Amino acid sequence: MKAIVIEQYGGSDQLIEKELPIPDINDNQVLIEMHATSINPIDWKVREGYMKDAMPFNFPLILGWDAAGVVSEVGSKVTQFKKGDKVFARPGMENGTYSEYVAVDEDLVALKPDSLSFEEAAAVPLAGLTAWQCVVDFGQVKKGDKVLIQAGSGGVGSYAIQIAKNFGATVYSTASSKNEAFLKELGVDEFIDYKTTDFTDVAKDVDLVVDTMGGDILEKSMDVVKKGGRLVSIAGEPDAEKAKEKGITAESLWLNPNGKQLAELGQLIEDDKVKPHIGHTYPLTEQGLRDAHDLSATHHAKGKIVITIR
């Protein structure tokens, strides 16, 4: 099969095309013939070597952790899926998706919503599940809550806005002015142009902050959470001492892949309550992946970056 891999850590020029064997599957796995995948910041962070101490990998390494395609083979113990099923998944970290086939554990897979193309489905798993676990599992969002989502035009942010709105929250979100219409279309109640406005002047006493930026943004975000409120970051480690002083619950979140939750998210999509937004599309080629990684690393991609495979 064709795959785009890295053979050492470094810049986007390390992404190269190789022919690799189609993966063998275990008894509890399905083999997915890939139609699309997508780019997430974790992809280029791993490629650069930022995660090598926490997550050691073997080379050649196939990156990518969103899968959408058709089941081409099922393990002997698989009961929920059959050959020909159209599915989507967030595979385990050892199984990258910049390839024509990927082996995925059955419990990480869900049937693709009929209303979605493969490209749209590929835009959901990692970002959508991360948003769900931030807003619903950790954030315990409920009707009437005030929620601040940092960088709402990005992959996780755009899902977090829609999920919070679906639960009846009032949503504040930061982005640049060029994305104001997009965020309002997603349902944002209070748009904050981060270039002209300090979000701490607008969002006060919020019940939940979803931070996707880290650094100074994460630090300042702690100041707008009301006592008893919550802050979750996917881009940094909140200051535990400061959280304790302010009487808030603050944690960093690492996605836990979950096929059951992905199916729930798929139902919200079928019910037209959540919609994936593709901002950019590239082919599964060396140049396509390099361009996609470079764009993701700017933090200025709108919606999801999708890679078409077949």
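Up top is the structure.
Remember, it's a predicted structure, so these values are computed and weren't measured experimentally. (Residues numbered from 1 in each chain as written. Predicted model: local features only at pLDDT ≥ 70, side-chain atom pairs only at ≥ 80, totals over all residues. Heavy atoms only, no water.)

1. Side note on the pattern of salt bridges
Stage number 1. Within this structure, the stated rule accounts for 15 salt bridges.
Stage number 2. Residues aspartate 207 and lysine 226 are paired through a salt bridge, measuring 2.7 Å at the closest nitrogen-oxygen approach. Of this pair, aspartate 207 sits in strand 12 (residues 206-211) while lysine 226 sits in strand 13 (residues 225-233), and the two are 19 residues apart along the sequence.
Stage number 3. On the basis of relative accessibility, which here comes to 14%, the residue aspartate 207 falls in the buried class.
Stage number 4. Glutamate 219 is paired through a salt bridge with lysine 242; the nearest N and O atoms lie 3.2 Å apart. Remark: lysine 242 occurs in helix 8 (residues 240-246) and glutamate 219 occurs in helix 7 (residues 215-221); sequence separation between them is 23 residues.
Stage number 5. Owing to a relative accessible area of 15%, lysine 242 belongs among the buried residues under this scheme.
Stage number 6. Salt bridges here are not isolated pairs; linked through shared partners, they connect Glu219, Asp223, Lys242 and Lys246. (Salt bridge = Lys/Arg side-chain N within 4 Å of Asp/Glu carboxyl O. Helix = DSSP H or I, 4+ residues; strand = E, 2+ residues; numbered from the N terminus. Buried < 20%, exposed > 50% of the residue type's maximum accessible area, 1.4 Å probe, protein only.)

2. Quick look at the packing of aromatic side chains
Stage number 1. Tallied over the full model, the rule gives three aromatic pairs.
Stage number 2. Look at tyrosine 9 and phenylalanine 59: their rings are 5.0 Å apart centre to centre, the planes differ by 75 degrees, and that puts the pair in the edge-to-face class. Here phenylalanine 59 lies in the loop between helix 1 (41-48) and strand 4 (61-62) and tyrosine 9 lies in the loop between strand 1 (2-6) and strand 2 (16-19), a separation of 50 residues in the sequence.
Stage number 3. Exposure remark for phenylalanine 59: the relative accessible area of 35% places this residue in the partly exposed category.
Stage number 4. Taking the ring centre of tryptophan 44 as reference, the NZ or CZ of lysine 45 above it sits at 5.7 Å.
Stage number 5. Between lysine 112 and the ring centre of phenylalanine 118, over which it is positioned, the NZ or CZ distance is 5.2 Å. (Phe/Tyr/Trp six-rings, centres within 6.5 Å; stacked < 30°, edge-to-face > 60°. Lys NZ or Arg CZ within 6 Å of the ring centre and 35° of its normal.)

3. Here we look at the sheet that holds strand 10 (residues 170-175)
Stage number 1. Taken together, the six strands give an open sheet; going across it, the order is 11-10-9-12-13-14, and neighbouring strands pair in parallel fashion. Two strands close off the open sheet at either side, each with one partner strand: strand 11 (190-193) and strand 14 (249-252). Here the average twist between neighbouring strands, direction ignored, is 15 degrees.
Stage number 2. Bridge count for strand 10 against strand 11 is four bridges, and the pairing is parallel. Note that in strand 11 the partner of serine 173 across the bridge is phenylalanine 191.
Stage number 3. Here helix 3 (residues 125-138) sits on the sheet in contact with strand 12, strand 13 and strand 14, set at roughly 160 degrees to strand 12.
Stage number 4. Contacts from helix 4 (residues 155-166) reach strand 9 (146-149) and strand 10 within the one sheet, and its direction differs from that of strand 10 by about 165 degrees. (Pairing = 2+ DSSP bridges. Axes fitted to C-alpha atoms, helices over the stretch in contact; angles between N-to-C directions. Contact = heavy atoms within 4.5 Å.)

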